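An overview of the molecular structure
Chain by chain, the residues:
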Amino acid sequence: MSGRPMSGSGGLRSSVRLTVAQALVRFLARQYTERDGRRERLVAACWGIFGHGNVAGVGQALLESGQGPGAELPFLQGRNEQAMVHAAVGYARQRDRLSAHAVTTSIGPGATNLVTGAALATINRLPVLLLPGDTFATRPADPVLQQLEHPGAGDVSVNDALRPVSRWFDRVHRPEALVPAALQAMRVLADPVETGAVTLALPQDVQAEGHDWPEEFFRERVWRVPRPAPDADALAEAARAVRAAARPLIVAGGGVHHSVAEEALRTLVEATGIPVASTQAGKGSLRHDHPCDVGAIGHTGTAVANELARAADLVIGVGTRYSDFTTASGTLFADPAVRFVNLTVAPYDAHKLAGLALVADARAGLDALAGALAGHRVSDGYAAGYRAAKERWEAVVSAAFTPEKESDRPTQSQVLGALDAVVGDEDVVINAAGSMPGDLHKLWRARSRRQYHVEYGYSCMGYEIPAAIGVKLAAPDRVVWALVGDGTYLMGPTELVTAVQEGLHVVLVLVQNHGYASIGGLSELTGAERFGTAYRFRAPDGGFTGDPLPVDLAANAASLGLTVLRAGSHAELRAALSEAREATGPVCVYVETDPGDTTPPAQAWWDVPVAATATRPAARRAREEYERGAAGRRRHL
């Protein structure tokens, strides 16, 4: 990037003249994280779609910084602003939150399209830097194109919609303000407690304004990611609680992966025999075949994990925020005397469920707890009981995965069974919304720490395809699978063009089931009778109960540049998956599923309120079931 260096006289600091956007790009190119001696670019690339709010500012600065491998801040071209954020989030998750991407947009719709992605990033505690254009700070014309006029506040813009979903928000009204704003943005991105979406709103005139910047603003900075150890007294109390427990259970959350604590967890449980259940974000903390792994917990959990949770007298949460799916809406941990030890780097989560707060990095905390528990082990009877239950559940999984005939059209769980037979241990399987996350959580046999990638903090339809691109950029040597239903595909397939443009070998497994399968099932359970959930023609009575819509999603994927493999049976599906895995570019495996369900039913409750009054019998029956489930709710005080 060009810039005019200036040397001040009389001992003044040297400076360089750049636009605000040029200065920001140069600054971002010199930011690093470091943990355990591993150094990463904090902001490794910038996604963008250009319009009048950023084309002459950030766009020009990115061009001037260089193109291709030698660019200060490599540029990635997106098709949809929300999808660009999803791609950035997928990248950050794969890089253990040590490296992130930026996303730049114009003002107006480009900026507001960021909101959903920002919420997803913040809820999942994953870093992404958002650089939306903003309206003129100097107001030479008022209003400008796409400007929101608020009659009660002249300084409000559409970017203020990003405030509640950002962990840090600032609007850079003057060039001088970039220095503290940018430094604070990096601090939040690199902080494992604070991280999430970080927004720097950039008025379009300020982006292009020249300024003399102190050269030290552009020096290389390393943001060290600490591993705080637990307080000694809290650790001793936690160890006493574990030693006193007859039926302890560990709940492994996403924090295990983010802190690369899998080995520490394995060491602890092999020494103590404590079983491990996993949340959606924590699945894969232990390999599925480890003797102490009892699978998924909560509403989408396994029978063995949930039975252990109901009987547990001590729950040790590691890096989990205890979502309602994990706790089965407050009904799962049923022992009247159950207590919680919460090992997490975030104090906000450590105090949940009235637990003993063990505030620490997951790996450092597990290492310390293992030392404090030296010589302790659960009873042989407890270990033998959960291991026998684990074997019984494995038989359930195998039955769900196996078709009666190879020539049959597969059910959704049998699609997962075919995939299970094909994927490699280091492949990455991505999903986010619909009925598939529940099936995956319950059934998937995770074989490595980052193989299982299901976004279920926000459960956002449209995440899978761009996230697969982000993961592939973060781990080019891995085969990445995006599992997508027809409902999700129709919401956002356009980033497939980016995969084609970049020549990325991602495999889209496109499952056609003619509607919103997950919400349809929930609708039926709650007395709404699958209203508005099928992709079918209208029937004479006005309902969507006619023939399936004649939509050829495979042809659509082919039109976007993918190689498409169609599978009409279980045998054809397995062959297509194998072929897709060995391909060199983006591939779509298209399969229409049998509407029959071979997945085991939910093993725990989930609170979705049902109409208190209704005339339709289905809703009245559902209300009776709801009240029975709700009776088991409790607050842990």
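Residues numbered from 1 in each chain as written. Predicted model: local features only at pLDDT ≥ 70, side-chain atom pairs only at ≥ 80, totals over all residues. Heavy atoms only, no water.

1. What to know about the environment of leucine 369
Secondary-structure assignment places leucine 369 in helix α14 (residues 362–372). Separated by 227 residues in sequence, leucine 369 and aspartate 142 have C-alpha atoms that sit 61 Å apart. The residues touching leucine 369, leaving out its near neighbours within four places in the chain, are Leu235, Ala238, Ala239 and Leu268. (Helix = DSSP H or I, 4+ residues; strand = E, 2+ residues; numbered from the N terminus. Contact = heavy atoms within 4.5 Å.)

2. So, the sheet that holds strand β17 (residues 339–344)
One open sheet accounts for six strands, arranged β15-β14-β13-β16-β17-β18; its pairing is parallel. This sheet does not close on itself; its edge strands, each paired only once, are β15 (293–296) and β18 (356–359). Strand-to-strand twist of the sheet, defined as the mean angle between neighbouring strand axes without regard to direction, takes the value 20°. Where strand β13 (residues 248–252) meets strand β14 (residues 276–278), three bridges bridge the pair, whose relative direction is parallel. Bridged to isoleucine 250 within β14 is valine 276. Relative to the sheet, helix α10 (residues 262–272) contacts β13 and β14, its axis offset from that of β13 by approximately 170°. (Pairing = 2+ DSSP bridges. Axes fitted to C-alpha atoms, helices over the stretch in contact; angles between N-to-C directions.)

3. So, the environment of leucine 42
Considering the arrangement of structural elements, one finds leucine 42 in the loop between β4 (38–41) and β5 (43–48). A sequence separation of 190 residues divides leucine 42 from alanine 232, and the C-alpha atoms of the two residues are 32 Å apart. If sequence neighbours within four positions are ignored, leucine 42 has contacts with Gln31, Tyr32, Thr33, Leu98, Ser99, Ala100, Met186, Leu189 and Trp223.

4. Details of the packing of α10 against α14
With their axes 8 Å apart at the nearest point, α10 and α14 run at an angle of 20° to one another. The orientation of α10 relative to α14 falls into the category roughly parallel. Crossing geometry of α10 relative to α14 is assigned as left-handed. Contacts from Ala264, Leu265 and Leu268 in α10 reach Arg363, Leu366, Asp367, Leu369 and Ala370 in α14. In terms of residue class, the contact of α10 with α14 is made up of six nonpolar, no polar and two charged. (Parallel < 35°, antiparallel > 145°, perpendicular 65-115°, else oblique. Left-handed = near helix turned anticlockwise from the far one by under 90°. Nonpolar A, V, L, I, M, F, W, Y, C, P; charged D, E, K, R; others polar.)

5. What to know about unusual backbone geometry
Going from aspartate 142 to proline 143, the amide bond is cis rather than trans, its omega being 10°. Note that proline 143 resides in the loop between β8 (128–134) and β9 (168–171). Here arginine 139, not a glycine, exhibits a phi torsion of approximately 55°, which is positive. When you line up the elements, arginine 139 lands in the loop between β8 and β9. What makes arginine 139 partly exposed here is its relative accessible area of 43%. (Buried < 20%, exposed > 50% of the residue type's maximum accessible area, 1.4 Å probe, protein only.)

6. Re the packing of aromatic side chains
Going through the model one piece at a time under the given rule, you end up with ten aromatic pairs. Seen in terms of ring centroids, phenylalanine 27 and phenylalanine 217 are 4.6 Å apart; in terms of plane orientation they differ by 10°. Their pairing is stacked. Of this pair, phenylalanine 27 sits in helix α1 (residues 20–28) while phenylalanine 217 is found in the loop between β11 (210–214) and β12 (221–224), placing the two residues 190 residues apart along the sequence. The pair formed by phenylalanine 27 and phenylalanine 217 is uniform in burial state, with each residue classed as buried. Judged by centre distance (6.0 Å) and plane angle (80°), the ring pair of tyrosine 322 and phenylalanine 340 falls under edge-to-face. With tyrosine 322 in the loop between β16 (314–318) and α12 (324–327) and phenylalanine 340 in strand β17, this residue pair connects regions lying 18 residues apart in the sequence. Joined through ring pairs, the aromatic side chains of Phe27, Trp213, Phe217 and Phe218 make up one cluster. Taking the ring centre of phenylalanine 218 as reference, the NZ or CZ of arginine 26 above it sits at 5.6 Å. Sitting over the ring of tyrosine 32, arginine 39 keeps its end group 6.0 Å from the ring centre. (Phe/Tyr/Trp six-rings, centres within 6.5 Å; stacked < 30°, edge-to-face > 60°. Lys NZ or Arg CZ within 6 Å of the ring centre and 35° of its normal.)

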